[in-house]
Amino acid sequence: MMRSSALSLALGYIALGMMALVLFAAPLWYAWHVTIQDGRSEILQADAQRLADIYRRDGGDGLKSFIDTRVHMQIANDRILLLTDSSLHPLAGNLPAWPRQLLAMPGNYRIKVDVGEHGGQQSLVHVARLGQYFLLVGRDNKLFAPLERRFWYGLSAAVAVLSIAGLLVGLITRRAFMLRIHSIRQTVSAIIHGDLKHRLPTHLSGDELNTLARTINGMLDQIELLVHGVRNVSNSIAHDLRTPLAELRSRLEELAFMRPAPERTFAEIDAAVADVDRVIHIFDALLRLAEIDAGMRRSGFVPLDLAELAATAVEFYAPAAELKHIELRFHAEGPLPAAGDPILLAQALSNLIDNALKYAPEQGVVDVAVRRRADGAAEIAVSDNGPGIADSEKSKVLERFHRGDASRGTPGVGLGLSLVQAIAKLHGSTLELSDRSPGLIVVIVLPVGERRAEPRGAEGSAEAPPAPLPATGSAAAR
Amino acid sequence: MKILLVEDNERMSQFVIKGLQEAGHITDHAANGRDGMFLAASEPYDVIIMDRMLPGGIDGLAIIEVLRKAGTLTPILILSALAEVDDRIRGLRSGGDDYLTKPFAFGELLARLDALHRRSQGVNREAPLIVGNLQLDPLTRKVWRGDRQISLQPREFKLLEYLMRHADQVVTRTMLLENVWDYHFDPQTNVVDVHISKLRQKIDAEFERPLLRTVRNAGYMVTARD
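Owing to the predicted nature of the structure, the values given are computational and were not obtained by experimental measurement.

I'm lost on the overall build of chain B in this one. Help?
Looking only at helices and strands, chain B features eight helices and 14 strands. Taken across its 226 residues, chain B has 35% of its residues classed as buried. Taking all contacts inside chain B whose residues are at least 6 apart in sequence as the whole, residues at least 24 apart take part in 58%.

Which parts of the structure should I look at to understand the overall build of chain A?
Counting secondary structure elements, chain A contains eight helices and twelve strands. Across the 478 residues that make up chain A, the buried fraction comes to 27%. Counted over contacts in chain A with a minimum sequence separation of 6, partners at least 24 positions apart contribute 66%.

For this particular structure, what's the right way to read helix 8 (residues 191-203) of chain B?
Residues and elements named next belong to chain B. Counted at 1.5 Å a residue, the expected span for helix 8 with its 13 residues is 18 Å, and the 19 Å between its end C-alpha atoms agrees. Taken together, the buried positions of helix 8 are occupied by V191, V192, H195, I196, L199 and I203. End-on view of helix 8: buried residues confined to an arc of 140°, all on one side of the axis.

What is the right way to read the pairing of strand 10 (residues 142-145) of chain B from this model?
Consecutive side chains along a regular strand alternate between the two faces of the sheet. All names here are of chain B. The pairing of strand 9 (residues 134-137) with strand 10 spans four bridges and is antiparallel. Note that in strand 10 the partner of D137 across the bridge is K142. As paired strands, strand 10 and strand 11 (residues 148-150) are joined by three bridges and run antiparallel to one another. The partner of W144 across the bridge, within strand 11, is Q149. What sits between strand 10 and strand 11 in their antiparallel hairpin is a turn of two residues, with G146 showing a positive phi close to 65°.

Hey, could you run me through the sheet that holds strand 13 (residues 212-215) of chain B in this one?
Backbone hydrogen bonds are what pair the strands of a sheet, in a parallel or an antiparallel way. Residue and element names in this part refer to chain B. On the basis of which strands lie adjacent, the open sheet formed by three strands has the order 12-14-13 and antiparallel pairing. The sheet is open, and its two borders are formed by strand 12 (171-172) and strand 13, each paired with just one other strand. Note that strand 13 and strand 14 (residues 219-222) share four bridges and pair antiparallel. Bridge pairing links L212 to V222 in strand 14.

Help me out: how do you make sense of the sheet that holds strand 9 of chain B in this one?
Residue and element names in this part refer to chain B. Here four strands make up an open sheet; going across it, the order is 8-9-10-11 and the pairing antiparallel. Sheet topology places strand 8 (129-131) and strand 11 at the edges, where each strand pairs with a single neighbour. Going across the sheet, the axis of each strand differs from the next one's by a mean of 20°, ignoring polarity. The pairing of strand 8 with strand 9 spans three bridges and is classified as antiparallel. For L129, the partnering residue across the bridge sits in strand 9 and is L136.

Would you explain the interface of chain A and chain B in this entry?
Accessible area lost during the coming together of the parts is what is often quoted as the interface size. Tallying the contact residues gives 22 residues for chain A and 19 residues for chain B. If you list the elements that add at least two residues to the side of chain A that touches chain B, you get helix 4 (262-293), helix 5 (306-323) and helix 6 (342-359) of chain A. Sorting elements by how many residues they give to the side of chain A that touches chain B places helix 5 of chain A first, with seven residues. The residue makeup of the side of chain A that touches chain B, split by class, is ten nonpolar, six polar and six charged.

What should I look at first to understand the nonpolar core in this one?
Within soluble globular proteins, side chains that are nonpolar tend to cluster in buried spots. One finds L306, A310, Y317, L349, I353 and I423 of chain A together with I49 of chain B to be the most contacted residues of the largest nonpolar core, which totals 114 residues. Among the elements that take part in this core, helix 5 of chain A stands out by supplying eleven residues, more than any other. When neighbours within four sequence positions are excluded, L306 of chain A is seen to be in contact with L336, A338, V370, A378, I380 and L446 of chain A. L51, I67, I80 and V125 of chain A belong to the second largest nonpolar core, which has 19 residues in total.

Explanation requested: the packing of helix 6 (residues 154-165) of chain B against helix 7 (residues 173-181) of chain B in the structure shown.
Pairs of packed helices are described in terms of their axes, by the angle between the two and the distance that separates them. Residue and element names in this part refer to chain B. One can describe the packing of helix 6 onto helix 7 by two numbers: an axis separation of 10 Å at closest approach and a directional angle of 125°. With respect to their mutual orientation, helix 6 and helix 7 come out oblique. Relative to helix 7, the crossing made by helix 6 is right-handed. Within the contact between the two elements, helix 6 uses R155, K158, L159 and Y162 and helix 7 uses L176, N179 and V180. Classifying every residue of the contact of helix 6 with helix 7 by side-chain character gives four nonpolar, one polar and two charged.

It is not clear to me how the confidence of the model for chain B should be interpreted in this structure. Could you clarify?
Parts of the prediction with low pLDDT should not have their coordinates interpreted in detail. Per-residue confidence for chain B gives a mean pLDDT of 89, with 100% of residues at or over 70. In the predicted assembly, ipTM is 0.82 and pTM is 0.61.

How should I be thinking about helix 2 (residues 33-42) of chain B in this particular structure?
All names here are of chain B. Taken together, the buried positions of helix 2 are G33, G36, M37 and A40. Along the axis of helix 2, the buried residues cluster in a sector spanning 95°; they form a single face. Exposed residues lying more than 90 degrees from the buried face of helix 2 are F38 and S42. Of the surrounding secondary structure, the elements contacted by the buried residues of helix 2 are strand 1 (2-6), strand 2 (26-30), strand 3 (47-51), strand 4 (53-54), strand 5 (58-59) and helix 3 (60-69).

I tried to follow the environment of T173 of chain A on my own but got confused; where do I start?
Residues and elements named next belong to chain A. Position of T173 relative to the elements: it lies in helix 2 (residues 145-192). Assessed through the 15 C-beta atoms surrounding it within 10 Å, T173 is described here as partly exposed. Note: C-alpha distance between T173 and L7 (166 residues apart in sequence) is 9.8 Å.

Is there a simple way to explain unusual backbone geometry in this structure?
Note on backbone geometry: most residues besides glycine have negative phi, and most peptide bonds are trans. Put simply, S437 of chain A and P438 of chain A share a cis peptide bond, and its omega is -5°. With respect to the element layout, P438 of chain A can be found in the loop between strand 11 (431-435) and strand 12 (440-446). In this structure, the amide linkage connecting K102 of chain B to the following residue, P103 of chain B, adopts the cis form with an omega of -5°. With respect to the helices, strands and loops of the structure, P103 of chain B is situated in the loop between strand 7 (98-101) and helix 5 (106-120). You will see that H325 of chain A, though not glycine, has its phi angle at about 55°, which is positive.

Would you explain the packing of helix 5 of chain A against helix 8 of chain B in this entry?
One can describe the packing of helix 5 of chain A onto helix 8 of chain B by two numbers: an axis separation of 8 Å at closest approach and a directional angle of 80°. Compared by their axis directions, helix 5 of chain A and helix 8 of chain B come out roughly perpendicular. Contacts from F316, Y317, P319, A320 and L323 of chain A of helix 5 of chain A reach helix 8 of chain B at V191, V194, H195 and K198 of chain B. In the contact of helix 5 of chain A with helix 8 of chain B, the residues fall into seven nonpolar, one polar and one charged.

Honestly, the confidence of the model for chain A in this entry has me stumped. Any pointers?
Here chain A averages 78 in pLDDT, while 82% of its residues score no lower than 70. Below a pLDDT of 50 lies the segment residues 405-411 of chain A, which in the model reaches five contacts outside its immediate sequence neighbourhood of four places, other chains included.

Teacher, can you tell me more about the environment of D147 of chain B here?
Assignment of secondary structure puts D147 of chain B in the loop between strand 10 and strand 11. In sequence terms D147 of chain B and N133 of chain B are 14 residues apart; their C-alpha atoms lie 8.6 Å from each other.

Calculation criteria
- Here the residue numbering is sequential within each chain, running from 1 through the sequence in written order.
- Both sets of labels track the order of writing: A upward for chains, 1 upward for ligands.
- With pLDDT at 70 or above as the cut-off, local features in this predicted model cover only qualifying residues; side-chain atom pairs require 80 or more to be listed or tallied, and sums for whole chains, interfaces and linings still use all residues.
- Each helix is a run of H or I in the DSSP string that is no shorter than four residues. Each strand is a run of E no shorter than two, and both are numbered from the N terminus.
- To sort residues by exposure, count the other C-beta atoms lying within 10 Å of each residue's C-beta; 20 or more gives buried, 12 or fewer gives exposed, and values between give partly exposed, all with C-beta atoms placed from the backbone.
- This entry defines residue contacts through backbone-placed C-beta atoms, with two residues in contact when those atoms are within 7 Å.
- The span one expects for a helix is its residue count, reduced by one, times 1.5 Å.
- The arc refers to the directions leading from the helix axis to the C-beta atoms.
- Paired strands, in this sense, are two strands between which DSSP finds at least two bridges.
- Axis definition: a line fitted to C-alpha atoms, limited for helices to the stretch in contact. Angles are taken between N-to-C directions and run from 0 to 180 degrees.
- Note that Gly is not counted as nonpolar here; it falls among the polar residues with everything else outside the nonpolar set of Ala, Val, Leu, Ile, Met, Phe, Trp, Tyr, Cys and Pro and the charged set of Asp, Glu, Lys and Arg.
- Put simply, a nonpolar core is a cluster of buried Ala, Val, Leu, Ile, Met, Phe, Trp, Tyr and Cys residues tied together by C-beta atoms within 7 Å.
- With respect to orientation, any angle under 35 degrees is reported as roughly parallel, any angle over 145 as roughly antiparallel, any angle of 65 to 115 as roughly perpendicular, and every other angle as oblique.
- Crossing handedness follows the turn of the near helix against the far one: under a right angle anticlockwise gives a left-handed crossing, and clockwise gives a right-handed one.
- The pLDDT value expresses, per residue, how confident the predictor is, ranging between 0 and 100.

See below:
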């Protein structure tokens, strides 16, 4: 298909060139032709005038001998000369007889004359009457033939050059096309073979192929994201669901094998159900992660009050904090409107507070603050005074199923923070972890008001350093 | 209660029917959408349990929409393996009254059916709720146990109100999360239990007869029965 499109492109170029050439050459040819024609008849008239002058001066015989001399001496043998009497009998000249098809009337004619070597040529002749004589003067086209030939040669050369140039341009275009198509094809086949990292080459120019390549690259980005999500989920399932499933399996197997007393059997069954619930929970968390990653939840964005959402979460965890003798403090400066998914944001807040309560020591402190930043973005910060996270660990804790050293022995599946991160990303933000020394501060920044958060591109807004928590002031939720 | 179960999976159906029977309910079963629609339109049921993915590629939601357009007011609980938040919203928007994802605990299903049934009986939202000598007035927002007034935080009041509206019924943790806090996710930790024990401190601690009880492996119940 490429072959034919390149060829038709070349042919198109050539046809276009030809048309331009014809448009250019035709008027030129016409002008040139008319000029030559005029020139010829002027020359003829001048010739005739000269002969008429001789006739007037020397009479018919004088003219006859003048013509005879000229023919005899072969002066200007490109000329046709004939002098006849009134009944058209030749008296002198180089024509054997008056041309049959020519009328004996004064004027210019274009006739075919047989004159010696260059016989049978179209010639322009002039007929004049001088007393009882008829004079025929003509010139053959020999004089202008080379010029005409040169014109046609020139034209042919132009046509040839044009054709070759057209073909060359066609071939070069095709080659350039084929080169880019080839690189696209190579990239695509690499992708077909499973390497989604490849992208089509793009240039700075905005031509159609480049625009197409950019669009395709955008599509590939999204596909890679989705595939990555799916791959992550399946990896995680393989990795993390096997363990509880294996436990469950051996528990049931042991039960069937040991056949213990009914009370123990029931206890074991309860434990087995709890195992299954754990599996289901991991499964749900994974599905939700994948769902968020795919950006499908953006449809759930509504205007909401972050302060209220946070207040509810703080209030929800207050009794649990009390139980652990942790001071759970809430800082808000009135309503804080933002756009987001209330269910997911509530879950993110809940996960963060849950984590903070998990790591804060007995008699410790957990602060939840929502505030408007100077740039207008809304900020949620949850901090505890627990062991915190070492800098080297900070990026790792966001990985799925990663559980920090401090978390060993505490319940959880290691998906909490990655879920929060995914939710933050969906809201056009990133999760920032920083030190409270001691302790950890986690900050999510949300774009302002009604503006829709973009999953990518808006991340820049989260790059500002996290503002420290307000030291005092609080609207206690308890 | 008379219940219609529209579900094509045989084992699942048997499990649900048996469970409902043990709980004292009568269950009709339809294994496909057409039978389900026919039964739902012709027989009076207290609650309908509708599976989402039915044989022949029929979506239970389409059946619900048809039933609702035909004027059926029977409460419908949607049972589905589709667990995404959007699926849930779509389910409720189509005319379903509650949404439960598979796999589920049977206790959860039973509790939700009871709640749906009670809700459909058109209770007076303003009448005081009374369980034993515990009294809650939704209008004045006052709570009395015997002749002693109990002061509750707003959320505690909401929690108790929900429990008392479903008195003598099991209320699961998930139901409390959804209805009291509007939380549609599982916070994993036993936070709800902590709230319940705080509430119990206030309404039961100094009384001989506890009204707020824990139902093992299921949830909680406010009841004056023995």
